[in-house]
Amino acid sequence: VITTKMAAIGSSNYWEDMRKQARQLENELDLKLVSFSKLCTSYSSCRDGGPRDTSDTTPLLNNSTQDRMFDTMSVEIEHLLAKLTGVNDKMAEYTNAPGTASLNAALMHTLQRHRDILQDYTHEFHKTKGNFLAIREREDLLGSVRKDIESYKSGSGVNNRRTELFLKEHEHLRSSDRLMDDTISIAMATKENMTSQRGMLKSIQSRVNTLANRFPTINNLIQRINLRKRRDSLILGSVIGICTILLLLYALH
């Protein structure tokens, strides 16, 4: 009887030790998963377009450091999950051992609760890890695309400069071509106006000639007026010439 009691006490202590280890591992896993989730969230906000220039929102860790921390924390959490799985397996073996039939219902209930906690932690870990890896893979792909674009720009800088100069020269030629077209248009319009005016003057002259031929008296009168104008011009010129000569003679004497 004493031996049976000692075995029962030893088994009870073994069960309590397993439960203490399970609770300790669960607490450690809970803290690790909270830190792991924060790390993945900060990595996502840093890469998904959060403000990076303000001092209040700039992350203290760069992406390479976060990657190393992610790998380290993943290994630690996987190790804790493995240890908790081992503890749960030992607790399951204990519930199936002989001599625990009277306590089997309570023990199975406790064991199931620890298994549910382990399952929840495992699911949360794999979900957070999967999201982190998807974000990192996407950003690595985008980063490689950006590098290719930058290398293309830096490699084709000379060609871009030459193309830019050619485009400017082409624009200058087009501007000169437009100016020449405008000048030719103005010259054509001026020619048309002068041709129109010439036609109008010819029309007026022909009308005057027609009137002169129809009215000979008017024609004679016009001729006399022209003769008188010429005579008056000759007289006026002679007077002006004589006066100029007299003034010169007076000035010389």
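Each value, and the rule that gives it
- Residues numbered from 1 in each chain as written.
- Predicted model: local features only at pLDDT ≥ 70, side-chain atom pairs only at ≥ 80, totals over all residues.
- Heavy atoms only, no water.
- Patch = residues over 30% accessible without salt bridge, like charges linked within 9 Å, V, L, I, M, F, W, Y side chains within 5 Å.
- Areas by Shrake-Rupley, 256 points an atom, 1.4 Å probe, with all protein chains shown as cover.
- Salt bridge = Lys/Arg side-chain N within 4 Å of Asp/Glu carboxyl O.
- Lys, Arg positive; Asp, Glu negative; His and termini not counted.
- Charge placed at Lys NZ, Arg CZ, Asp CG, Glu CD.
- Helix = DSSP H or I, 4+ residues; strand = E, 2+ residues; numbered from the N terminus.
- Phe/Tyr/Trp six-rings, centres within 6.5 Å; stacked < 30°, edge-to-face > 60°.
- Buried < 20%, exposed > 50% of the residue type's maximum accessible area, 1.4 Å probe, protein only.

All right, on to a negative patch on the surface then. Taken together, the side chains of D30, D116, D120 and E124 define an acidic patch exposed on the protein surface. The dominant element in the negative patch, judged by the number of residues it contributes, is helix α3 (residues 104-155), at 3 residues.

Turning to the packing of aromatic side chains, a few remarks are in order. Taken as a whole and assessed by the stated rule, the structure comprises 5 aromatic pairs. Centre to centre, the rings of F36 and F70 are 5.3 Å apart; their planes meet at 25°, and the pair counts as stacked. Of the two residues, F36 sits in helix α1 (residues 2-47) while F70 sits in helix α2 (residues 63-95), which places them 34 residues apart along the sequence. Joined through ring pairs, the aromatic side chains of F36, F70, F125 and F132 make up one cluster.

Taken together, the side chains of I242, I245, L246 and L249 define a hydrophobic patch exposed on the protein surface, amounting to about 390 Å² of accessible area. Tracing the sequence through the fold places L249 in helix α5 (residues 216-252). Using a relative accessible area of 43% as the deciding quantity, one classes L249 as partly exposed.

Keep in mind that these numbers describe shape and distance, not what the molecule does.
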